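Letter by letter, the chains look like this.
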Amino acid sequence: MKIVVIGGSGLIGSRLVGRLRQGGHLVIAASPSTGINTVTGDGLPEAMENAEVVIDVANSPSFDGAVAWDFFFASGNNLFAAENAAGVRHHVALSVVGTDQLQDSGYFRAKLLQEQLIEESGVPYTILRSTQFFEFVNGIASSSTQDQIVRLPPALTQPVAADDVAETLAQLAVRPAAKADWNLRVRSPTSSLTSLGAFSRSIMTSVSSSPTQRRPISASISARPRWCRRPNTPSSGQSVSMNGWRAADRPREAGPCSSPTSHQQRGHASEPSARD
């Protein structure tokens, strides 16, 4: 089938495009660099022609609330106008665990707007909410470093590998639309919540020689999302654990701290680089 991946050149999008093509699908990796811009609408009608599924893993170019709101509003309206005109049968989107519980953040209000636009679009949909990515640990550490000291909040996190996110999205894309949202976390039987500091210390590389200090978490993000992976979320088996990810020597892509447990209140599930 023809599948359009919005944000097809980013951390998740590039992995997803590869998996879908290996599965024999005709895949359009859509991004401004390929002439397809969801904010302006350029290239969307042509990209959507004969498409059955659209997977949106693109993100705002900024975590500023106003910028993110404008991005998701324009992108969502343009996407669904094109999808409805083309008769797209399934819209799959990547979001963030805890989005609806972090509404003090302008960015997460914009993410919730994105989800609401999806639900009201008239296009059958599935939303996957993911936890933090292993690949963002260097960004977490770098953005929290001052005077060679990494200061992190005593927040709990339960990260997941980008490969697992891409694999789950690929499976959801070929299933009937759920008209619901799923939460994805690491699926290893030995996995558990870990502190953000311990997570960062265990795998960060660029600032590995810096001491790490804990600092109180902001009251505005103190609410803990429920970490749940619903029983019907597709699975290809045991997911990549933190130790497994390290052992495989996966590339540590730098990126912004973007977990719901982040002290900077940033969303990570679909990264700005996905739009490059």
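Keep in mind the model is a prediction, meaning the values are calculated, not measured.

Another aspect to go through is the overall build of the protein chain. Helices and strands together make up the secondary structure of the protein chain, namely eight helices and eleven strands. Burial statistics for the protein chain: of 276 residues in total, 54% are counted as buried. Sequence-distant contacts in the protein chain: of pairs separated by 6 or more residues, those separated by 24 or more amount to 83%. Within the structure as shown, the protein chain displays about 11,000 Å² of accessible surface, and the carbon and sulfur contribution to it stands at 48%.

As a further point, take the confidence of the model for the protein chain. A residue-level look at the protein chain finds 64% of positions with pLDDT of 70 or above and a mean pLDDT of 74. Taken as a whole, residues 186–191 scores under 50 in pLDDT and shows 20 contacts with residues more than four places along the chain or in a different chain. Across residues 249–276, confidence stays below pLDDT 50; counting only partners more than four residues off in sequence or on other chains, it has 123 contacts.

This part takes up the nonpolar core. Core analysis: the largest hydrophobic core is formed by 23 residues, its most contacted members being Ile12, Leu16, Ile55 and Leu169. Put simply, the parts of the chain that give this core at least two residues each are β1 (2–6), α1 (11–22), β3 (53–56), β4 (90–96) and α6 (162–173). Of all the elements, α6 adds the most residues to this core, at seven residues. The residues touching Leu16, leaving out its near neighbours within four places in the chain, are Val5, Ile55, Val57, Ala166, Leu169 and Ala170. Counting residues in hydrophobic clusters, the runner-up holds 21 residues, among them Val4, Ala58, Leu79 and Val88.

What follows covers the side chain of Arg129. Mapped onto the fold, Arg129 is located in strand β5 (residues 125–130). Of note is the side chain of Arg129, whose polar atom sits 3.3 Å from the side chain of Asp100. Engagement of the side chain of Arg129 in a polar contact is seen with the side chain of Glu115, the distance being 2.6 Å.

To continue, consider the pattern of salt bridges. Going through the model one piece at a time under the given rule, you end up with six salt bridges. A salt bridge links Glu52 to Arg89, with the nearest nitrogen and oxygen atoms 2.2 Å apart. Pair noted here: Glu52 is in the loop between α2 (44–48) and β3 and Arg89 is in the loop between α3 (65–86) and β4, with a separation of 37 residues, a long-range link. When its relative accessible area of 54% is taken as the criterion, Arg89 is described as exposed. A salt bridge links Glu115 to Arg129, with the nearest nitrogen and oxygen atoms 2.6 Å apart. You can see Glu115 sitting in helix α4 (residues 106–119) and its partner Arg129 sitting in strand β5, a full 14 residues away along the chain. Accessibility expressed as a relative area gives 7% for Arg129, which makes it buried. Salt bridges sharing common partners tie together Arg15, Arg19, Asp163 and Glu167.

About the thresholds
- Within each chain, residues carry numbers counting from 1 in the order of the written sequence.
- Predicted model: local features are reported for residues with pLDDT of at least 70 only, side-chain atom pairs are reported and counted for 80 or more only, and whole-chain, interface and lining totals are derived from all residues.
- With hydrogens and water excluded, all non-hydrogen atoms of the structure serve as input to the side-chain values.
- Put simply, DSSP H or I for four residues or longer makes a helix, DSSP E for two residues or longer makes a strand, and each gets a number counted from the N terminus.
- Relative accessibility under 20% of the residue-type maximum defines a buried residue, over 50% an exposed one, and the middle range a partly exposed one, all with a 1.4 Å probe and only protein chains included.
- Contact between two residues is taken to exist if any of their heavy atoms lie within 4.5 Å; hydrogens are not considered.
- The protein chains shown are the only cover counted for residues, whose accessible areas, like all others here, come from Shrake-Rupley with a 1.4 Å probe.
- Each residue carries a pLDDT score, the predictor's own confidence in it, on a scale running from 0 to 100.
- The definition of a nonpolar core used throughout is a set of buried Ala, Val, Leu, Ile, Met, Phe, Trp, Tyr and Cys residues joined through side-chain atoms within 4.5 Å.
- Two N or O atoms form a polar contact when they lie within 3.5 Å of each other; inside protein one atom must be a possible hydrogen donor and the other a possible acceptor, and for residues adjacent in sequence the pair counts only when both atoms belong to side chains.
- Salt bridge, as used here: a side-chain nitrogen of Lys or Arg that lies within 4 Å of a carboxyl oxygen of Asp or Glu.

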